[in-house]
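Chain by chain, the residues:
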Protein chains: 2
Amino acid sequence: MQLLEERIRREGKIRPGGILKVDNFLNHQIDTALLFEMSKEYLRLFGNEKVTKILTIEASGIALASMTAYLFSVPLVFAKKSKTKNISDEVYAVEIPSFTHGNTNTVVVSKEYLQPGDRVLLIDDFLATGAALVGLKALVEMAGGTVVGAGIAVEKAFQGGGDKLRAEGMRIESLARIASMSDEGEITFC
Amino acid sequence: MQLLEERIRREGKIRPGGILKVDNFLNHQIDTALLFEMSKEYLRLFGNEKVTKILTIEASGIALASMTAYLFSVPLVFAKKSKTKNISDEVYAVEIPSFTHGNTNTVVVSKEYLQPGDRVLLIDDFLATGAALVGLKALVEMAGGTVVGAGIAVEKAFQGGGDKLRAEGMRIESLARIASMSDEGEITFC
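Residues numbered from 1 in each chain as written. Chains lettered and ligands numbered in written order. Predicted model: local features only at pLDDT ≥ 70, side-chain atom pairs only at ≥ 80, totals over all residues.

### Some remarks on the relation of the copies chain A and chain B
To keep things clear, this is the line we draw: C-alpha atoms of residues with pLDDT of at least 70 in both copies form the basis for the least-squares superposition of the copies.
With an axial shift of 0.0 Å and an RMSD of 0.0 Å, the rotation relating chain A to chain B amounts to 180°. Such values leave the two copies arranged in the relation of a two-fold axis.

As structure tokens, this is what we get:
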């Protein structure tokens, strides 16, 4: 999606260790008009998939996912990072390692909000190693639902997570796919 | 706002200790069409205030705040819960105690995203003790900006935080104000 690529090129900042900061419009300060355009693109791509729910993970995916849920006219569910290791039997839980923070979060969804028969579109702002998508997919499948695909804002393709999941059969639509980032700040898109 | 009050009456669940769970449409599973109607109400109430930014705090306020920012056509900024106690000098930071979780979070906003001259509308899903609004207001004022008011979804008026802040001069518009909740599950609105 040219609009997003241009914005990344203009305002993205590269930090040591393969971190791309898009805090100016996607992760901390958020341009909701841009999110709306991105969500329209997800609707174009997945609009025929009979989506019943949008699932994302807190926190930075929520804004994009809520616009998308609005356009699809389906509920948004966001998986929560659990504060405790004591998991109640009212939730589905998975462990998701975080590339950015170098830790692992226990992530939960109430069993009420994922059901057998749900056709779930995953939405997230970043795709790097794919750990978040793997975890979200596991939550949906614990509930007996189906993942119809994933709508991603920025895929760091050089980290390989997206292609690995595609090879396993997940449909992933990333609106910007980064082939490489140099320490000098140059970004090359796929 | 009748739409929200009816929804709380129908789907809200009361938990021991004065906790109101609205996980079904506001906090975990989210009805974005409802958020859109709520955001239109904030636009009606604050539309003449020359708002330049919407500020909320992660995570559960983000969906509502992003709809509001979209309708106001201004950036959304969300204050982040810091993972470390080491605060960089690139951010404004405050301590915000959490009524629900019984802990205190260090909450930060990058100095880039709050500026002198900003006219900020605070948005949050809940108002109880008012601690979150006090903290967000402090962040705006550290930056030399002005808080034009706060748009809240559910105010637990019996906890007194809203009236205390109104007495100090903050304009607070809560779309549902709860006067009391009984352990039997009865909710009375103001």
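### Digging into the packing of helix α3 (residues 32–46) of chain A against helix α4 (residues 62–72) of chain B
For the record, the criterion: Angular values range over 0 to 180 degrees, each being the angle between N-to-C directions of two axes fitted as lines to C-alpha atoms, with helices fitted over their stretch in contact. Segments assigned H or I by DSSP are reported as helices when at least four residues long, segments assigned E as strands when at least two residues long, and all are numbered from the N terminus. The labels follow the angle: roughly parallel below 35 degrees, roughly antiparallel above 145, roughly perpendicular from 65 to 115, and oblique for the rest. Here contacts are defined at the residue level, using C-beta atoms placed from the backbone and a cut-off of 7 Å between them. Any residue that is not Ala, Val, Leu, Ile, Met, Phe, Trp, Tyr, Cys, Pro, Asp, Glu, Lys or Arg is counted as polar, Gly included; the first ten are nonpolar and the last four charged.
In the contact formed by α3(A) and α4(B), the axes pass within 8 Å of each other and the chain directions differ by 105°. The orientation of α3(A) with respect to α4(B), classified from their angle, is roughly perpendicular. Taking contact as the criterion, the partners of Thr32(A), Ala33(A), Leu35(A) and Phe36(A) in α3(A) are, on α4(B), Ser66(B), Ala69(B) and Tyr70(B). The class makeup of the residues in the contact of α3(A) with α4(B) is five nonpolar, two polar and no charged.

### Side note on unusual backbone geometry
All names here are of chain A. Threshold: Buried residues are those with 20 or more other C-beta atoms within 10 Å of their own C-beta, exposed residues have 12 or fewer, and partly exposed residues lie in between; C-beta atoms are placed from the backbone.
Cis peptide bonds are those with omega within 30 degrees of zero, and the linkage from Glu58 to Ala59 qualifies with 0°. For Ala59, the position within the fold is in the loop between β4 (53–57) and α4 (62–72). One non-glycine residue, Ser73, lies in the positive phi region at around 55°. Mapped onto the fold, Ser73 is located in the loop between α4 and β5 (76–81). Residue classification places Ser73 among the exposed positions, given that 10 C-beta atoms sit within 10 Å.

### Let's talk about the interface of chain A and chain B
Defined as follows: For two strands to be treated as a pair, DSSP must find at least two bridges joining them.
Listed per partner, the contact involves 27 residues of chain A and 27 residues of chain B. Elements represented by at least two residues in the side of chain A that touches chain B include exactly β3 (29–30), α3, α4 and β5 of chain A. In terms of residue count, α4(A) provides more of the side of chain A that touches chain B than any other element does, six residues in total. The class makeup of the residues in the side of chain A that touches chain B is 15 nonpolar, seven polar and five charged. For β5(A) and strand β3 (residues 29–30) of chain B, the ladder comprises two bridges, and the chain directions are antiparallel. Paired with Val77(A) across the two strands is Gln29(B), which belongs to β3(B).

### Concerning the pairing of strand β6 (residues 91–97) of chain A
Residues and elements named next belong to chain A. Relative to strand β7 (residues 104–110), β6 is paired through seven bridges, and the arrangement is antiparallel. Bridging from a neighbouring strand, Ala93 pairs with Val108 of β7. With antiparallel pairing between neighbouring strands as the criterion, β6 and β7 make up a hairpin whose turn holds six residues, including Gly102 at a positive phi of roughly 70°.

### Focus on the pairing of strand β9 (residues 146–156) of chain B
Residue and element names in this part refer to chain B. What counts, and what does not: Seen with its strands pointing away from the viewer, a crossover is right-handed when the path leading from the first strand over the helix to the second is clockwise.
Across the eleven residues that make up β9, a large majority, nine, are buried. Bridge count between strand β8 (residues 119–127) and β9: eight bridges; the pairing is parallel. Residue pairing across strands places Leu121 opposite Gly149, the latter belonging to β9. Following the backbone out of β8, through helix α5 (residues 131–142) and into the adjacent parallel β9, one traces a crossover that is right-handed. Relative to strand β10 (residues 172–181), β9 runs parallel, the two being bridged by six bridges.

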